[in-house]
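# Tertiary structure, described
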Amino acid sequence: MNRLQKLRHKLIEEELEALLVSQPENYRYLSGFTGSSGWLFISNDSALLAVDFRYTEQASRETADFEVIQVEGELTDWFPKLALNSGAKGIGFEAEHLSFATYQQLAEVVIVNQYQLQLIPTSGLVKSMRIIKEPREIELITRAAELADAAIDYVKSIIHPELTEREIAWEIERFLREGGSEAVPFDLIVASGPNAALPHAKPTGRIICPGEPIIIDIGARVGGYCSDLTRTLCLEKPSETFSKIYDVVLEAQFTAINSMKAGMSGSQADQLARTIINQAGYGEAFGHGLGHGIGLAAHESPRLSANSSDLLSSGMIFTIEPGIYISGWGGIRIEDMVTLERDKIKVLSKASKILS
Ligand code: ZN
Ligand code: ZN
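Residues numbered from 1 in each chain as written. Chains lettered and ligands numbered in written order. Predicted model: local features only at pLDDT ≥ 70, side-chain atom pairs only at ≥ 80, totals over all residues. Heavy atoms only, no water.

### Quick look at the coordination of the zinc ion (ligand 1)
Each protein donor to the zinc ion (ligand 1) is listed here as Asp217 (OD), Asp217 (OD), Asp228 (OD) and Glu335 (OE); together their distances run 2.0 to 2.5 Å. Taken together, the four donor atoms surrounding the zinc ion (ligand 1) define angles of 57 to 146° at the centre, an arrangement classified as irregular. Going along the chain, you hit the donors of the zinc ion (ligand 1) in the pattern D-x10-D-x106-E. A separation of 3.1 Å is found between the zinc ion (ligand 1) and the zinc ion (ligand 2), both of which receive a donor from Asp228. Of this pair, Asp217 sits in strand β8 (residues 214-218) while Asp228 is found in the loop between β10 (225-226) and β11 (229-233), placing the two residues eleven residues apart along the sequence. By relative accessible area, Asp217 is classed as buried at 4%. We classify Asp228 as buried; its relative accessible area is 2%. (Donors = N, O, S within 2.8 Å, 3.2 Å for Na, K, Ca; no water. Tetrahedral: all angles 85-135°; square planar, octahedral: opposite > 155°, others 65-115°. Helix = DSSP H or I, 4+ residues; strand = E, 2+ residues; numbered from the N terminus. Buried < 20%, exposed > 50% of the residue type's maximum accessible area, 1.4 Å probe, protein only.)

Printed below as a string of structure tokens:
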């Protein structure tokens, strides 16, 4: 079954006659269309890709299964008529993506015109398909992971205590792009010393110093698919605090990688690493979840966190990224991408974790 057929099965299960897809990664996943604005309208007998003038040529080149139609104006200007003409009455929309304002405007058009249409909020229909990766997707993610690995080796060869965080971030981005990455999937993080206490720090003009933690969190993109990798580096000899915390984070990650199994929930997986960090006395300093799925988006399902009920299963790709952050001192995070393959974790990223 192709992706469109699988989705149609889901529509039947959900008792929906049609679905409007507006979330960019979701419409790309189903149709192949990579533009930043478009909609899919999928019913049992039609598969339409609606775009405005800017994207008609591109859409025709990129999609095989969908009929491309050119639309004009806002969603409210063309969608209700299109839906009516399709004959479908119960139409699902992506509640997590369509804005409340747009929904209200659509609902008003339907009421004012007395259209026999019902707009039904749906959640996670395409997301639940994207969560399990096909072999081709695993291949692209693996290539993106290899690029990130190479960038870590590269940065280790050029890093020295005169560079600023921003200069290092730019060197890495240049390396990734020249190595074949598309636009990087997120703003690369280079955070040194006290800045490393911010899990999502922005690179600054701060000059890196010996002995302090330098968190480098980077990703590449190949064929639309992302990688996500973090290493914490240290120039010259790490301080005692550094070594101690580094060992705790590494052990937490190692334990999670070795004990995780298919069938576990995201919260059980998170707990594996969190227990180690709690026991070392740093529980409060690990304030984010253990990891997240990765694919067309840098952050997608499954979620590995204290309150996640997502169930882990073979074919998923996600990160395992414990971290400890101490205000005023800095932080340490180690992040790898893994896949669940026949019940066992296989680590995709290869960059060394040995401090040199
Ligand atoms: Zn990351
Ligand atoms: Zn991540």
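### What to know about the nonpolar core
Ranked by size, the top nonpolar core spans 58 residues in total, and within it Leu30, Ile42, Ile168, Ile172 and Ile216 carry the most contacts. The biggest single contributor to this core is helix α7 (residues 135-158), with nine residues. Counting the residues that make up this core, at least three belong to each of domain 1 (3-130) and domain 2 (135-347). Not counting the four nearest positions on each side in its chain, Ile42 is found in contact with Leu4, Leu7, Arg8, Leu11, Glu17, Ala18, Leu19, Val21, Leu30 and Phe66. Among the nonpolar cores identified, the runner-up in size contains 32 residues, and Cys234, Met260, Ala273 and Ile324 belong to it. (Core = buried A, V, L, I, M, F, W, Y, C linked by side-chain atoms within 4.5 Å. Domains from an automatic or database assignment. Contact = heavy atoms within 4.5 Å.)

### Focus: the packing of helix α9 (residues 240-259) against helix α10 (residues 266-279)
Between α9 and α10, whose axes approach to 8 Å, the crossing angle comes to 150°. Classified by the angle between their axes, α9 and α10 sit roughly antiparallel to one another. At the point where α9 passes α10, the crossing takes the right-handed sense. Mapping the contact onto sequence places Val248, Glu251, Ala252, Thr255, Ala256 and Ser259 in α9 and Leu272, Ala273, Ile276 and Ile277 in α10. (Axes fitted to C-alpha atoms, helices over the stretch in contact; angles between N-to-C directions. Parallel < 35°, antiparallel > 145°, perpendicular 65-115°, else oblique. Left-handed = near helix turned anticlockwise from the far one by under 90°.)

### Focus: the coordination of the zinc ion (ligand 2)
Taken together, the protein ligands of the zinc ion (ligand 2) are Asp228 (OD), His292 (NE2), Glu321 (OE) and Glu335 (OE), with distances of 2.0 to 2.1 Å. In this structure, the zinc ion (ligand 2) is coordinated by four donor atoms arranged in irregular fashion, with angles at the metal of 77 to 155°. One chain supplies every donor for the zinc ion (ligand 2), spaced along it as D-x63-H-x28-E-x13-E.

### Overview of the sheet that holds strand β3 (residues 47-51)
Overall, mixed pairing links the six strands, which are arranged β4-β3-β2-β1-β5-β6 in an open sheet. Each edge of the open sheet is held by one strand with a lone partner, namely β4 (67-70) and β6 (118-122). On average, each strand axis in the sheet is inclined to that of its neighbour by 25°, with strand direction left out of account. Where strand β1 (residues 18-21) lies against strand β2 (residues 39-43), four bridges are found, and the strand directions are antiparallel. What sits directly across from Ala18, in β2, is Ser43. Each of β1, β2, β3 and β5 (90-94) is contacted by helix α2 (residues 24-31), which is oriented at about 55° to β2, the strand it contacts most. (Pairing = 2+ DSSP bridges.)

### Notes on the sheet that holds β11
Taken in spatial order, the three strands make up an open sheet running β7-β8-β11, and their pairing is antiparallel. Of all the strands in the sheet, the pair left with one neighbour each is β7 (189-192) and β11. Across this sheet, the average inter-strand angle for adjacent strands is 10°, counted without regard to direction. Relative to β11, β8 runs antiparallel, the two sharing five bridges. Residue Ile218 lies in a different strand from β11, and its bridge partner there is Leu229. The sheet contacts of helix α8 (residues 165-178) involve β7 and β8, and relative to β7 the element is tilted by about 150°.

### Structural notes on the domain arrangement of the protein
Note on interface size: it is often stated as the accessible area lost on association of the parts. Here the domain parsing of the protein yields domain 1 (3-130) and domain 2 (135-347). Put simply, the middle of domain 1 and the middle of domain 2, counted by C-alpha atoms, are 35 Å apart. Counting from both sides, the interface comprises six residues of domain 1 and, opposite them, eight residues of domain 2. Both faces combined, the contact of domain 1 with domain 2 buries some 590 Å², and carbon together with sulfur accounts for 46% of it. Sorting the residues of domain 1 by area buried against domain 2 places Glu25, Arg28 and Arg130 first, and these three jointly supply 65% of that buried surface. The tally of links from domain 1 across to domain 2 stands at two salt bridges. Across the salt bridge formed by Glu300 and Arg130, the nearest N and O atoms sit 2.7 Å from each other. Applying the counting criterion to the domain 1 and domain 2 interface returns two residue pairs in polar contact (both at pLDDT 80 or more). Listed by contribution, the elements that provide at least two residues to the side of domain 1 that touches domain 2 are α2 and α6 (127-130). A total of three residues in the side of domain 1 that touches domain 2 trace back to one element, the largest contributor, which is α2. Class assignment of the residues belonging to the side of domain 1 that touches domain 2 gives a composition of one nonpolar, no polar and five charged. (Buried area = accessible area lost by both parts, 1.4 Å probe. Salt bridge = Lys/Arg side-chain N within 4 Å of Asp/Glu carboxyl O. Polar contact = N/O pair within 3.5 Å; in protein donor to acceptor, adjacent residues only side chain to side chain. Nonpolar A, V, L, I, M, F, W, Y, C, P; charged D, E, K, R; others polar.)

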